[in-house]
Amino acid sequence: MELEPFKLERYFAKYEFNVRYLLSSSDCDGFSMNYVLSCAEHGEMELWNNLTLGYTDSLGHPLLREAIAKHYNTIGRDDVFVLSPGEANYFIMQLCLQKGDEVVCMRPAYQSLYQIAKNIGCRLHYWEPDANGIFNVDDLAKLVSQKTRLIIVNFPHNPTGYYPTKGELDRIIAVASKHNTMLFSDEMYHKLVHNPVNLNDSLCDLYDNAISLWGMAKSFGLAGLRIGWVATHNRELLHKMKLLKDYFTICNSAASEILTMIALNNSERFIEVNLEKIRSNKLIFASFADRHPDLIVDYNEPMAGSTGFIKLNIEISTLNYTQRLVEETGIMMVPAEMFEYGNSHVRIGFGRANLQAALQVWENWMKR
Ligand SMILES: Cc1ncc(COP(=O)(O)O)c(C=O)c1O
């Protein structure tokens, strides 16, 4: 099957390791290996020191799956399957969908959430934010019918940072359960909720027919581990995923599994640090937006996650604008074109320590 190139990933591939400022990253700054190991308890350090680098359990290390299960209310070790997040997206679509199926997906969205379904030959319906930047559940309800095979949601949302209230989430579940539709919930930014009182449970804990995806890249700032997992009560799906993985990575990196376990068992030492940075960067950006009301015409402050999506008042497309910006200043910003969502938004990433420095350079460039 020939897949369309992944626009956002190709754009990052072009710039990520050769520019001075990444102003649109969705991952938070990566923690150091020393920091992760400094969080380890005695038993975890023993596992690390005695680790041999052979093949690993293809489902994921049993202790790792136990550490993962502790982050859910209704999920046990055997309801979890460890694999890379991209692999998980691909497997779920391949196993759950067939040509002609109707699928509802949020838009804008991380491309693999809709592209694989499109390639399979599904009919896509897009749930988009309203004029106030809200993903209105009434709009979702209009898109879902008896024929809908899968609803794909992503909260906290990349790129807008939208996060539903508990009431909205209950209504989303009601829409799905009315037609007994499967929900795929990409929760890569789970627990990165700026006001902790708003934190929702994972969808796999709230709806039996849900598949939840989470991993280390975003909430934890450990993208280099390349570890994610699926949590679901759908044991049949997990079994089929296991069979598919034998043709892909077979199993996970032994070292990454132990480091993931350490981070999960000490999650506040990662998530809280990232949240602090995001909250402080939001304030810095709000002041930047206040200073430039002619440029930034639409900015709904993100409620969760590490990104926001802003509308620029410019005479050229955002693709042209961001290309000039990166060439003349070394600031890389992701334009709306990478999300196939018009040509007037850019994504801002709030998880990087050098956001203020990058904004300063952008500001000087505009003055020039
Ligand atoms: C919504 C969403 N899902 C999945 C992924 C993939 O995660 P990873 O980079 O850990 O493979 C990303 C990465 O940006 C994402 O934003």
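What you are looking at is a predicted structure, and each value in this text was computed from that prediction instead of being measured. Every chain's residues receive numbers from 1 upward, in the order its sequence appears when written. Reporting in this predicted model follows two pLDDT cut-offs: at least 70 for local features of residues, and 80 or more for side-chain atom pairs to be given and counted; totals over whole chains, interfaces and linings ignore these cut-offs and use all residues. Here the side-chain values reflect all heavy atoms present in the structure, with hydrogen atoms and water set aside.

So, the overall build of the chain
What counts here: Under the DSSP-based scheme used, a helix requires at least four consecutive residues in state H or I and a strand at least two consecutive residues in state E, with every element numbered from the N terminus. Radius of gyration means the value over C-alpha atoms here, while the globule rule gives 2.2 Å times the residue count to the 0.38 power. Only protein chains enter the accessibility calculation, which uses a 1.4 Å probe; a residue whose area is less than 20% of its type maximum is buried, one above 50% is exposed, and one in between is partly exposed. Residues are treated as being in contact if the distance between any of their heavy atoms lies within 4.5 Å. Two residue types count as positive, namely Lys and Arg, and two as negative, namely Asp and Glu; His and chain ends fall outside the count. In this description, the location of a charge corresponds to atom NZ of lysine, CZ of arginine, CG of aspartate or CD of glutamate.
Along the backbone of the chain there are 14 helices and 13 strands. Computed over C-alpha atoms, the radius of gyration of the chain comes to 20 Å, within 12% of the 21 Å expected from 2.2 N^0.38 for 368 residues, which places it in the range of a compact globule. Projected onto its principal axes, the C-alpha positions of the chain cover 55 × 55 × 40 Å. Residues classed as buried in the chain amount to 56% of the 368 residues present. For the chain, the proportion of contacts with a sequence separation of at least 24, taken over those separated by at least 6, is 74%. Seen as two clouds, the 35 positive and the 43 negative side-chain charges of the chain have centres 3 Å apart.

Considerations on the domain arrangement of the chain
How we decide: All domain edges in this entry derive from an automatic or database-based domain assignment. When two parts are put together, the accessible area they lose, computed with a 1.4 Å probe and summed over both, is reported as buried area. Each reported salt bridge corresponds to a side-chain nitrogen of Lys or Arg within 4 Å of a carboxyl oxygen of Asp or Glu. Polar here means any residue outside two lists: the nonpolar Ala, Val, Leu, Ile, Met, Phe, Trp, Tyr, Cys and Pro, and the charged Asp, Glu, Lys and Arg; Gly therefore counts as polar.
For the chain, the domain assignment lists domain 1 (7–32 + 269–367) and domain 2 (52–266). Inter-centroid distance (C-alpha atoms) of domain 1 to domain 2 is 25 Å. Each partner contributes to the interface: domain 1 provides 30 residues, whereas domain 2 provides 35 residues. The junction of domain 1 with domain 2 conceals about 2,700 Å² of combined surface from both sides, 56% of it contributed by carbon and sulfur atoms. Connecting domain 1 to domain 2 are zero salt bridges. At the level of secondary structure, the elements contributing two or more residues to the side of domain 1 that touches domain 2 comprise helix 1 (7–15), helix 12 (268–291) and strand 10 (307–312). Here the side of domain 1 that touches domain 2 takes eight residues from helix 12, the largest share from any one element. A breakdown of the residues in the side of domain 1 that touches domain 2 according to their chemical character gives 13 nonpolar, eight polar and nine charged.

Here's the deal with helix 11 (residues 254–265)
Quick reminder of the rule: To estimate how far a helix should reach, multiply one less than its number of residues by 1.5 Å.
In this model, helix 11 (12 residues) spans 17 Å end to end at C-alpha, consistent with the 16 Å of a helix rising 1.5 Å per residue. Burial analysis of helix 11 places 10 of its 12 residues in the buried class, which makes it a mostly covered element. When we look at burial in helix 11, the residues that qualify are A254, S256, E257, I258, L259, T260, M261, I262, A263 and L264.

Some points on the sheet that holds strand 7 (residues 210–215)
Using the following cut-off: A pair of strands counts as paired when DSSP detects no fewer than two bridges linking them. A fitted line through C-alpha atoms serves as each axis, taken over the contacting stretch for helices, and the angle formed by two N-to-C directions is quoted from 0 to 180°.
Spatially, seven strands are ordered 2-8-7-6-5-3-4 in an open sheet, and the strand pairing comes out mixed. The open sheet terminates on both sides in strands that have one partner only, identified here as strand 2 (80–83) and strand 4 (123–127). Averaged over all adjacent pairs, the angle separating strand axes in this sheet is 20°, with direction ignored. Here strand 2 pairs with strand 8 (residues 228–232) via four bridges, running antiparallel.

Observations concerning the packing of aromatic side chains
The condition is simple: Any two rings among Phe, Tyr and Trp, with Trp reduced to its six-membered ring, count as a pair given centres within 6.5 Å; such a pair is stacked if its planes are under 30 degrees apart, edge-to-face if over 60, and tilted if neither. Definition used: whenever NZ (Lys) or CZ (Arg) falls within 6 Å of the ring centre and also within 35 degrees of the ring normal, the charge is taken to sit over that ring.
For the coordinates displayed, the defined rule picks out 21 aromatic pairs. An angle of 55° between the planes, with centres 6.0 Å apart, marks the rings of Y90 and F248 as tilted. You can see Y90 sitting in helix 5 (residues 85–96) and its partner F248 sitting in the loop between helix 10 (235–245) and helix 11, a full 158 residues away along the chain. For Y90, a relative accessible area of 23% gives the class partly exposed. Put simply, the rings of F285, F288, Y299, F350 and W362 pair up and form one aromatic cluster. Between the NZ or CZ atom of R107 and the centre of the ring of Y126, over which it lies, the distance is 3.9 Å.

Some remarks on the site of the ligand
Inclusion rule: One heavy atom suffices: a residue is near a molecule or strand as soon as one of its heavy atoms comes within 4 Å of it. The definition of a polar contact used here is a pair of N or O atoms within 3.5 Å, where within protein one atom must be able to donate a hydrogen and the other to accept one, and adjacent residues in sequence count solely through side-chain atom pairs.
Close to the ligand lie S26, P85, G86, Y110, N154, N158, D186, M188, Y189, A217, K218 and R226. A distance of 2.8 Å is found between an oxygen atom of the ligand and a side-chain nitrogen or oxygen belonging to N158. At 2.7 Å, a side-chain N or O of R226 approaches an oxygen atom of the ligand. Tallied by class, the residues present in the shell around the ligand amount to five nonpolar, four polar and three charged.

Considering the side chain of D79
Mapped onto the secondary structure, D79 falls in the loop between helix 4 (62–69) and strand 2. Judged by its relative accessible area of 7%, D79 falls in the buried class. A distance of 2.8 Å separates the side chain of D79 from the backbone nitrogen of G76, its partner in a polar contact. Apart from the residues lying within four places of it in its own chain, the contact partners of D79 are T74, V230, A231, T232, H233, R235 and L238.

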